[in-house]
Amino acid sequence: MTTHQQLASPIAPTWCPGCGDFGIWTAFKDAAVQEGWDNTNTVMVAGIGCHGHINNFVKLSSFEGLHGRPLPVAAGIKMANHKLNVFVFTGDGDALAEGGNHFIHAARRNQNLTVILHDNAIYGLTTGQTSPRSPKGFKSKSTPQGNIEEPLQPLSLALTAGATWLARGYAGDIPGLMDLIIRANAHPGFAVIQVLQPCVTFNQVYTHIFFQRNMYRLSKDHDVTSKTAAYAKLLEWGEKQIPIGIFYQVREPTYEEQIKQLAKRTLVSAGAPKRDISRVLKKFI
Amino acid sequence: MRPFVFKIGGEAGFGIMSAGLTFSKIATRSGYSVFNYSEYPSLIRGGHNLMQVTISKAVARAPYQHTDFLVALNQETIDRHQSELAPASGIVFDSDKNLDLKGLRSGINKFSLPLNQIAREVGGSLLMRNTVALGASVALLGGDLAILKQLISEEFAKKSEQIVAENHKTAEAGYKAALTKYKKFVRPVLKPLSKVKPQIVLTGNDAVALGAIAAGMQFASIYPMTPTSNILAILAAYQEEFGYIYKQPEDEISAINMAIGAAYAGARAMTATAGGGFCLMTEGYGLSGITETPLVIIEGMRPGPATGLPTWTEQGDLQFVLRAHQSDFPRIVLAPGDIQECFEMTRQAFNLAEKYQTPVVVMIDKHLCEGFTSLAPFIGKDFQIERGKLVLKKQANYERYALARDGISLRSIPGLGNNVIANSDEHDTRGYSNEEIENRNSQMEKRMQKLVTCAREDMPAPKFYGHKDAAITIVSWGSNKGAILEALPNLKDVNFLQLDWLNPFPAQAVAKILGRARQILNIECNYSGQMRGWIAEQTGIKINHSFLKYDGRPMYPEEVVREVKKVLKR
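Quantities reported herein were computed from a predicted structural model and do not represent experimental measurements.

Trainee: Quick question: what am I supposed to make of the domain arrangement of chain B here?
Mentor: One frequently used descriptor of interface size is the decrease in accessible area upon assembly of the parts. Residue and element names in this part refer to chain B. Here chain B is described as being made up of domain 1 (4–197), domain 2 (201–375), domain 3 (390–457) and domain 4 (463–569). Relative placement of domain 1 and domain 2: their C-alpha centres are 34 Å apart. Domain 1 puts 18 residues into the contact, and the matching count from domain 2 is twelve residues. The junction of domain 1 with domain 2 conceals about 1,200 Å² of combined surface from both sides, 57% of it contributed by carbon and sulfur atoms. At the boundary of domain 1 with domain 2, the tally comes to seven residue pairs in polar contact (both at pLDDT 80 or more). Broken down by element, the residue count for the side of domain 1 that touches domain 2 peaks at seven residues, all from strand E2 (residues 33–39). Grouping the constituent residues of the side of domain 1 that touches domain 2 by class yields ten nonpolar, six polar and two charged.

In structure tokens form, the structure reads like this:
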């Protein structure tokens, strides 16, 4: 059993008051308490950006790596010990700009990872530049004349690349987000939650009010097994047109399930064995 | 004794490399030592391929510039290599092809044989030309046809008996044709010796891969790049048998980060690349350093910058590997000088990485990666796996980066109940981000202390060959070792200092040896004398004579002899 007290780190959060990261942090800890995630079974991996600080604020084993690279680190952890719950905290700049290639290929691999994409559509930690999620026309320190590039849609991208579980949540809806985090982790395969996360300091477009006015829940009739239905819903974005919930969920063999070496045990549980290579050497004679 | 040099050349795609390897195994199975060197362009078909085999009753360690026996399967081979033919040497060529031999010097034996015709009529395909040539070469060099036929049987064991039989017939036909026409020219180069011990014939890439397997490597993520791609081919092939994972990642950035992730989770992990791939890995290199995650990196050098000469050799990455990444972190850098050392140092690298919880780079070059040598089969009993301060039980009040006099904290892994934090931000003893002055200083000093501990506990004295006192001391590193050791018996009054630990660096020992040297000749394959600079930085000794080579070709014994004589004349 995990308690909130056990998850309490000695470091107080350093996010701006009102930051969406607080909601994600709280939802994750609530999920951990409900599911019993602790240092015997769980690892948090983060990239660099405001999101990445989360590792300091939860007392769980964690790896804060380089900007854009949490997915490869998580991939290595998962292959070495596939019994661990591995959560990847990443941002829109982290996952879609610096780490875009990793994002595509991680989805393709269908590793059993849960990706929590803190999507604030801005670079917050570097004090406000346009990100791959910023809308067209967006004015920031890097685009004072307005952004002339189209924003990326991360869930459509992940769907195309081969992810098997896709959802969108909102940092202001802690119980809803907690539920998505639990479901994503329970899904065997590559699961992405795009979390709409207002940056109260640098993004005056995607605010709490903006999201609350324009979000709606996917209906119960939405067919989560249909790629076509998922694409159709993911095309929506704008006034009264931001669906949240689970877009896509199919069961495909995970990467780890297809590796024979992992059929009986984890790599790490085997230890680092000294091996007799004399049989292989015969082939070189 | 001057070794015998066999070369076979032809168009890429016609089995030149496999013929050269087969030829070298005929030699080893007859009791000789070999060193194979290949040249090829960055193409799959077309272009010129060459494999040369140095054959010696003693130990063969390097390719030579001269040629004693040349198999020329096309005109280009003749044009490129006829000037290398030594007096009384021989050249095998196709009698049907109207080849231009006008440039050939007198005194060279011409073996004109219908290679194409035999390949087509007996073997049923022009692709069998290399088999005909092998049969003829075995005949003219006094070899045992049965050994060639045995090698053919092994090579095609997985294919049909018919294919084996066709190849046998083709080799026999080449053998007979040569013997019938040129019996009095036969030289006993491959004559089986009375005592034949089993020898393995393998590349540096093979040796690195086998060293990793032997050392208990559990996870390798490697993106393909010449000259180290064959490491991944070996690792991929044996992963299910030995229970480790080889993963092909999307790029080198992912390769190093995956390996770091696996190592953090507790697996012995590695990656391998060439200089260009290492450019992409530099940020991960420092990540391994600050998170104190053990990692073995194989760095295979080729001439750069950028794409450079993709399939040729150089030693131009030394200063890059010593400096890559911003700021300071402890890096252990090793440079094997031959293929035996590739095996041993790779094994050792895994122990060092875990003991010091830091990246260990094994620097090799194309010449080591893809050159073959014959060796006694590797043994395992001289090696033990040492995992350093690895804690696999729950510890009370565990702190990942606790201060320690030797610089090495207890390392635990996730999933055991300990709170194991790896953090690329500067961090406190627990792993939480921390920017305070005292903490920064103590963590930086703790990390860097590891190099001091390593130098004290693990770094051996550099290797030294020859008499203590000599007119010239050669200093060199990496694959040049082979050519220098081949040259030494031909030189009076010369000794050789081989540097194989580059960081930490045995500065005192090197200063002592070079300090007493009468003349120093630095030999390396790069433009700027990168080792010369490193020696100066580490010891204060300035070296006046250098032979620097950056044409993509390996060091030849003939060049070493020439350069030593130049210094002596000055």
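On we go from here.
Trainee: Whenever I open this one, the environment of Pro504 of chain B confuses me. Can you help?
Mentor: Of note, Pro504 of chain B is situated in the loop between strand E21 (501–503) and helix H16 (507–516). Sequence separation of Pro504 of chain B and Thr453 of chain B is 51 residues, and the distance between their C-alpha atoms is 9.7 Å.

Trainee: Even after reading the chapter, I still don't get the sheet that holds strand E23 (residues 545–548) of chain B, so can you show me in this structure?
Mentor: Picture the strands of a sheet paired through backbone hydrogen bonds; they go either parallel or antiparallel. Residue and element names in this part refer to chain B. Here we have five strands laid out as an open sheet, ordered E18-E20-E19-E22-E23, and mixed in their pairing. Each end of this open sheet is capped by a strand with a single partner; those strands are strand E18 (463–465) and E23. Between one strand axis and the next, the sheet turns by 20° as a mean value, whatever way the strands run. In this sheet, strand E22 (residues 520–524) lies alongside strand E19 (residues 472–477) in parallel orientation, the contact comprising four bridges. For Ser476, the partnering residue across the bridge sits in E22 and is Ile523. Along the sheet, helix H18 (residues 557–569) contacts E19, strand E20 (494–499), E22 and E23; its crossing angle with E19, the most-contacted strand, is approximately 140°.

Trainee: Whenever I open this one, the pattern of salt bridges confuses me. Can you help?
Mentor: Working definition: two side chains of opposite charge can pair if their charged atoms are close together. All names here are of chain B. In this structure the tally under the stated criterion is 40 salt bridges over all chains. Between Arg268 and Glu354 there is a salt bridge, with its nearest N and O atoms 2.8 Å apart. Of this pair, Arg268 sits in the loop between helix H9 (252–264) and strand E10 (269–274) while Glu354 is found in helix H12 (residues 339–356), placing the two residues 86 residues apart along the sequence. By relative accessible area, Arg268 is classed as buried at 1%. Classification of Glu354 by relative accessible area gives buried; the value is 3%. Connected through salt bridges with shared partners, the residues Asp338, Glu341, Lys463, Lys481 and Asp500 form a single ionic network.

Trainee: So what exactly am I meant to see when it comes to the side chain of Gln498 of chain B here?
Mentor: All names here are of chain B. Topologically, Gln498 is positioned in strand E20. Gln498 sits in the buried class, given a relative accessible area of 0%. Polar side-chain contacts of Gln498 include one of 3.0 Å to the side chain of Glu341. Only 2.9 Å separates the side chain of Gln498 from the side chain of Tyr465, close enough to count as a polar contact. The contacts of Gln498, once residues within four sequence positions are left out, are Gly337, Glu341, Pro462, Lys463, Tyr465, Ser476 and Lys481.

Trainee: Please clarify how the packing of helix H4 (residues 129–140) of chain B against helix H5 (residues 145–155) of chain B should be interpreted in this entry.
Mentor: Residues and elements named next belong to chain B. Interhelical geometry of H4 versus H5 gives an angle of 155° and a closest axis separation of 9 Å. The orientation of H4 with respect to H5, classified from their angle, is roughly antiparallel. Judged by the twist between their axes, the crossing of H4 over H5 is right-handed. Contacts from Thr131, Leu134, Gly135 and Val138 of H4 reach H5 at Leu145, Leu148 and Ile152. Taken together, the residues of the contact of H4 with H5 sort by class into five nonpolar, two polar and no charged.

Trainee: Explain the interface of chain A and chain B here, please?
Mentor: Counting residues at the interface gives 52 residues for chain A, matched by 70 residues for chain B. Between chain A and chain B, a total of about 5,000 Å² is buried, with carbon and sulfur atoms accounting for 60% of that surface. In terms of surface lost to chain B, no three residues of chain A exceed Arg275, Phe284 and Ile285 of chain A, which account for 16% of the buried area on that side. Between chain A and chain B we count four salt bridges in total. In this structure, Arg69 of chain A and Glu283 of chain B form a salt bridge, with 2.5 Å as the shortest nitrogen-oxygen distance. Remark: the boundary between chain A and chain B carries 32 residue pairs in polar contact (both at pLDDT 80 or more).

Trainee: How should I be thinking about the sheet that holds strand E14 (residues 372–375) of chain B in this particular structure?
Mentor: Residue and element names in this part refer to chain B. Spatially, eight strands are ordered E6-E5-E4-E1-E3-E2-E14-E7 in an open sheet, and the strand pairing comes out mixed. Single-partner strands in this sheet number two, and they are strand E6 (109–113) and strand E7 (200–203). Neighbour-to-neighbour, the strand axes of the sheet open up by a mean angle of 15°, direction not taken into account. Where E7 meets E14, four bridges bridge the pair, whose relative direction is antiparallel. In the sheet register, Leu202 faces E14, and the bridge partner there is Thr373.

Trainee: Even after reading the chapter, I still don't get the layout of surface pockets, so can you show me in this structure?
Mentor: Summary: where empty space remains is shown by rolling a probe the size of a single water molecule over the atoms. All names here are of chain B. Within this model, the largest pocket holds a volume of roughly 1,300 Å³. Contributions of two or more residues to the lining of the largest pocket are made by helix H1 (16–29), strand E3 (48–56), H5, E7 and helix H8 (229–242). In terms of residues, the lining of the largest pocket owes the most to one element, H1, which gives seven residues. Per-class residue counts for the lining of the largest pocket are 18 nonpolar, eight polar and nine charged. Of the residues that make up the lining of the largest pocket, three or more belong to each of domain 1 (4–197) and domain 2 (201–375). Estimated volume of the second largest pocket: approximately 570 Å³. Lining the second largest pocket are 28 residues, with Ser33, Val59, Gln199, Ser374 and Leu375 sitting closest to its centre.

Trainee: What is the right way to read the packing of aromatic side chains from this model?
Mentor: How two aromatic rings sit relative to each other is given by the distance of their centres and the angle of their planes. Under the criterion given, the structure shown has 28 aromatic pairs over all chains. Ring geometry for Phe111 of chain B versus Phe185 of chain B: centroids 5.9 Å apart, planes at 75°, classification edge-to-face. Remark: Phe185 of chain B occurs in the loop between helix H6 (161–182) and E7 and Phe111 of chain B occurs in strand E6; sequence separation between them is 74 residues. Residue class for Phe111 of chain B comes out buried when judged on its relative accessible area of 3%. For Phe185 of chain B, a relative accessible area of 32% gives the class partly exposed. Among the aromatic residues, those joined into a ring-pair cluster are Phe6, Phe23, Phe69, Phe111, Tyr182 and Phe185 of chain B. Here Arg133 of chain A stacks its cationic end above the ring of Trp237 of chain A, 4.9 Å away from the centre of that ring.

Procedures and definitions
Residues numbered from 1 in each chain as written. Chains lettered and ligands numbered in written order. Predicted model: local features only at pLDDT ≥ 70, side-chain atom pairs only at ≥ 80, totals over all residues. Heavy atoms only, no water. Domains from an automatic or database assignment. Contact = heavy atoms within 4.5 Å. Buried area = accessible area lost by both parts, 1.4 Å probe. Polar contact = N/O pair within 3.5 Å; in protein donor to acceptor, adjacent residues only side chain to side chain. Helix = DSSP H or I, 4+ residues; strand = E, 2+ residues; numbered from the N terminus. Nonpolar A, V, L, I, M, F, W, Y, C, P; charged D, E, K, R; others polar. Pairing = 2+ DSSP bridges. Axes fitted to C-alpha atoms, helices over the stretch in contact; angles between N-to-C directions. Salt bridge = Lys/Arg side-chain N within 4 Å of Asp/Glu carboxyl O. Buried < 20%, exposed > 50% of the residue type's maximum accessible area, 1.4 Å probe, protein only. Parallel < 35°, antiparallel > 145°, perpendicular 65-115°, else oblique. Left-handed = near helix turned anticlockwise from the far one by under 90°. 1 Å grid on protein atoms, 1.4 Å probe; cavity = no way out; pocket = protein on both sides within 12 Å on 5 of 7 lines; lining within 4 Å. Points joined across faces, edges and corners; volume = space filled by probe spheres on them. Phe/Tyr/Trp six-rings, centres within 6.5 Å; stacked < 30°, edge-to-face > 60°. Lys NZ or Arg CZ within 6 Å of the ring centre and 35° of its normal.

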